[in-house]
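Close look at the chain arrangement
Okay, here's what each chain looks like letter by letter:
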Amino acid sequence: MTRALTRNSLMAAVGLWTRLRSGPVLSSYYHLCGKYGTSGCKNGQRHQEYSTESAAAEVEVAEGLRPLPGGGGGWDFVGAREYLEYRRALYGEITHKAVLVDAVGTLVVPSQPMAQIYRNLGEKYGVQYSEDEILSRYRWAYEQPWGRSRLRYVADGRPFWQFIVTSSTGCSDLQYFEELYQYYSTEKAWHLCDPDAEKVFQALRKAGVKTAIVSNFDTRLRSLLQALKCDHWFDAVAVSAEVAAEKPNPTIFLKACELLGVKPEEAVHVGDDRRNDIWGARDAGCDAWLWGSDVHSFKEVAQRIGVQV
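Residues numbered from 1 in each chain as written. Predicted model: local features only at pLDDT ≥ 70, side-chain atom pairs only at ≥ 80, totals over all residues. Heavy atoms only, no water.

What to know about unusual backbone geometry
Residues Lys-247 and Pro-248 are joined by a peptide bond in cis, for which omega reads 15°. For Pro-248, the location among the structural elements is in the loop between α10 (240-243) and α11 (250-260). With a phi close to 55°, Ala-155 is a non-glycine residue in the positive phi region. With respect to the secondary-structure elements, Ala-155 resides in the loop between α5 (131-142) and α6 (158-169). Look at Ala-155 and you get partly exposed, because its relative accessible area is 41%. Positive phi, normally seen in glycine, also occurs at Lys-229, with a value near 60°. (Helix = DSSP H or I, 4+ residues; strand = E, 2+ residues; numbered from the N terminus. Buried < 20%, exposed > 50% of the residue type's maximum accessible area, 1.4 Å probe, protein only.)

Below, the structure written as structure tokens:
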């Protein structure tokens, strides 16, 4: 049985929510992530940084962020227990009915740095820029307004990615673009961020927790998930190219909840980008945890909502 919340417990839960949004340590982390357009993903002993939803731009982010009290993620401070008690008082032992997951940077990461691939494949097409210059030009291009629309990924996203490739490399050869485009459509270009992901998602679904991908991506995402043999882990996929809304627009999160048949407040979204994933999900009414800070593995996600793996 779940004990009733005291006024102090409820106030502590509110305080936790505030600290999650604006605490000094997370604010510093978020500042770096916003500056570089990235967030962290742990893969074994190796720590890599990728620009979120940018088809694999690997970037270097300043190290040495001060850890949160308790020696770990964003939940290891006063108030975490009260917050979980608050959720359990509302929803029972399993605190969320659905888990929404970001794709690039959370579920999957590129197998090789983007600039290296652009450079290696481009040599035979006359690409002469160094990897550092390609990466710099890529970052600039990715931040530019895309026409009069906020949607970058429409259908297969080819026009947008042609702009990115040409801007990054100075090469407008369509054969070169197609080779790159097809490469990032295959399992060779990607790998799962968490080796225990399959076991965790099986446990979540067995416990009755629904799962969905929520991603800024083009229509290649579904076939990519199939190629990585993880499409069957999810009950739904909300991809921006199909929903016509990109994170942080709350519409894409609401669509995912609609597809799963849950209310936004019954879902938690896990993603690596402060603006797109955390702010966007919370604006939609969902709970949200930052990958690489609040949680570091899918097993931790499962345990925090009350599912043992």
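Continuing now.
Quick word on the pattern of salt bridges
Within this structure, the stated rule accounts for 14 salt bridges. Among the salt bridges present, the one from Glu-179 reaches Lys-124, with a minimum N-O distance of 3.4 Å. Of this pair, Glu-179 sits in helix α7 (residues 174-183) while Lys-124 sits in the loop between α4 (114-122) and α5, and the two are 55 residues apart along the sequence. Judged by relative accessible area, Glu-179 falls into the partly exposed class, the value being 24%. A salt bridge links Arg-158 to Asp-156; its shortest N-O distance comes to 2.8 Å. By relative accessible area, Arg-158 is classed as partly exposed at 23%. Look at the salt bridges and you will find they share partners, linking Asp-102, Lys-247 and Asp-277 into a network. (Salt bridge = Lys/Arg side-chain N within 4 Å of Asp/Glu carboxyl O.)

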